[in-house]
Amino acid sequence: MPESSATHQPSATPAGSATPAGTTQSTDPSTAAARTVLGEADIARALTRIAHEIVERNKGAADLVLLGIPTRGVQLAHRLAERLVQIEPSFNGEYGTLDVTMYRDDLRRQPTRAVGQTLLPGSLDGTIDDKVVVLVDDVLFSGRTIRAALDALNDLGRPRVVQLAALVDRGHRELPIRADYVGKNLPTSRSERVRVRLSDVDGGVDAVVISGASPGSTSAQGGAR
């Protein structure tokens, strides 16, 4: 009499064979589901707090210059400028863009990088001498992008002081660089990716998302490296 199918035990799947339909079997971190660590309201609160900290530390904003590092750092600088106008009437609401492409130390590895523009606020007359410059970026990682930004500033003048505001600090510094203003300290592994999504750049809603990355990857999309 044939063995009943109800009691039949299927043999184990041989090594290297296809996974049976209906099951999932993946250990690739790049397929891990992304999770949101900061939402729209969280980002708004973080920027408001940073704006207040800037004014408090500098005892006002009369000589303040905001320079955003493309791409998302520029939009964050714009939002900080809007908040600073509300907090400190002496601030004129201007902000600029600091392109660091030609100052990066990885140009030999990625020589096809597109060169952007450095645009200083119009009231500066092309100089940052004796100003309080606040560099603005979305993700602080190894610190190499900020090092490039400091080199770029040297060609623009001699500011009185240079400060750094980052929406997210994910650690893993490779250079002795520290942010003065941080929206969120986010401990991560090097195999994870941190993405900042801004509505005026990426569409949708503002969010900071962390997800797995392929083994050995140390990139942080859209962030300071």
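Look up a bit, the structure's there.
This structure is a prediction, so every number in the text was calculated from the model and none was measured.

(A) Looking closely at the overall build of the protein. The helix and strand inventory of the protein stands at four helices and eight strands. Per-residue burial over the protein gives 40% buried out of 225 residues. Residue pairs in contact within the protein that sit at least 24 positions apart in sequence constitute 69% of those at least 6 positions apart.

(B) Main features of the pairing of strand β5 (residues 161-169). Counted residue by residue, β5 has seven buried out of nine residues, so it is predominantly covered. Sheet topology places strand β4 (residues 132-140) next to β5; eight bridges connect them, and they run parallel. Residue pairing across strands places Val-136 opposite Ala-165, the latter belonging to β5. After leaving β4, the chain enters helix α3 (residues 144-154) and then returns to the sheet as β5, a path that is right-handed.

(C) The arrangement of the packing of helix α1 (residues 40-57) against helix α2 (residues 72-87) in detail. Where α1 contacts α2, the two axes come as close as 9 Å, and the packing angle between them is 60°. Looking at the two axes, α1 sits oblique to α2. Two packed elements cross with a definite hand, and for α1 against α2 that hand is right-handed. Between α1 and α2, the contacting residues are Ile-43, Ala-44, Leu-47, Thr-48, Ile-50, Ala-51, His-52, Ile-54 and Val-55 on the first element and Leu-76, Arg-79, Leu-80, Arg-83, Leu-84 and Ile-87 on the second. Of the residues belonging to the contact of α1 with α2, the class tally is 11 nonpolar, two polar and two charged.

(D) Region of the structure containing the sheet that holds strand β2 (residues 64-68). With parallel pairing, five strands are arranged side by side in an open sheet as β3-β2-β4-β5-β6. Looking at strand neighbours, the two that pair on one side only are β3 (96-97) and β6 (181-185), the edges of this open sheet. Across two bridges, the pairing between β2 and β3 is parallel. Bridged to Gly-68 within β3 is Thr-97. Against the sheet, α1 engages β2, β4, β5 and β6, with an angle of about 150° to β6.

(E) Quick look at α3. Those residues of α3 that fall on the buried side of the exposure criterion are Thr-145, Ile-146, Ala-148, Ala-149, Ala-152 and Leu-153. Projected down its long axis, α3 carries its buried residues within an arc of 155°, all on one side. Taken together, the buried residues of α3 touch β2, β4 and β5.

(F) Broad picture of the side chain of Gln-163. Residue placement: Gln-163 occurs in strand β5. On the basis of relative accessibility, which here comes to 6%, the residue Gln-163 falls in the buried class. At a separation of 2.6 Å, a polar atom in the side chain of Gln-163 contacts the side chain of Tyr-181. Not counting chain neighbours up to four residues away, the residues in contact with Gln-163 comprise Arg-57, Asn-58, Val-132, Val-133, Val-134, Leu-135, Asp-180 and Tyr-181.

(G) How the structure looks around the pairing of strand β8 (residues 207-212). Where burial is concerned, most of β8 is hidden: six out of the six residues are buried. The alternating pattern of β8 places Ala-207, Val-209 and Ser-211 on one face and Val-208, Ile-210 and Gly-212 on the opposite face, and all of these are buried. Here three bridges tie strand β1 (residues 35-38) to β8, and the two strands are oriented antiparallel to one another. Across the sheet, Leu-38 pairs through a bridge with Val-208, a residue of β8. Where strand β7 (residues 192-197) and β8 come together, six bridges link them in antiparallel fashion. Its bridge partner being in β8, Arg-197 is matched across the sheet by Ala-207.

(H) Examining the sheet that holds β1 more closely. The strand order across the open sheet formed by three strands is β1-β8-β7, and the pairing between neighbours is antiparallel. On the outer flanks of this sheet lie β1 and β7, each paired with one strand and no other. The mean angle between the axes of side-by-side strands here comes to 30°, regardless of whether they run parallel or antiparallel.

(I) The environment of Leu-153, seen in detail. Mapping Leu-153 onto the fold places it in helix α3. Each C-alpha atom, one on Leu-153 and one on Ile-128, is 8.4 Å from the other, the two residues being 25 residues apart in sequence. Setting aside its immediate chain neighbours within four residues, Leu-153 contacts Leu-67, Leu-98, Ile-128, Val-133, Leu-135 and Val-162.

Rules used in this analysis
Residues numbered from 1 in each chain as written. Predicted model: local features only at pLDDT ≥ 70, side-chain atom pairs only at ≥ 80, totals over all residues. Heavy atoms only, no water. Helix = DSSP H or I, 4+ residues; strand = E, 2+ residues; numbered from the N terminus. Buried < 20%, exposed > 50% of the residue type's maximum accessible area, 1.4 Å probe, protein only. Contact = heavy atoms within 4.5 Å. Pairing = 2+ DSSP bridges. Right-handed = clockwise from strand over helix to strand, strands pointing away. Axes fitted to C-alpha atoms, helices over the stretch in contact; angles between N-to-C directions. Parallel < 35°, antiparallel > 145°, perpendicular 65-115°, else oblique. Left-handed = near helix turned anticlockwise from the far one by under 90°. Nonpolar A, V, L, I, M, F, W, Y, C, P; charged D, E, K, R; others polar. Arc of directions from axis to C-beta. Polar contact = N/O pair within 3.5 Å; in protein donor to acceptor, adjacent residues only side chain to side chain.

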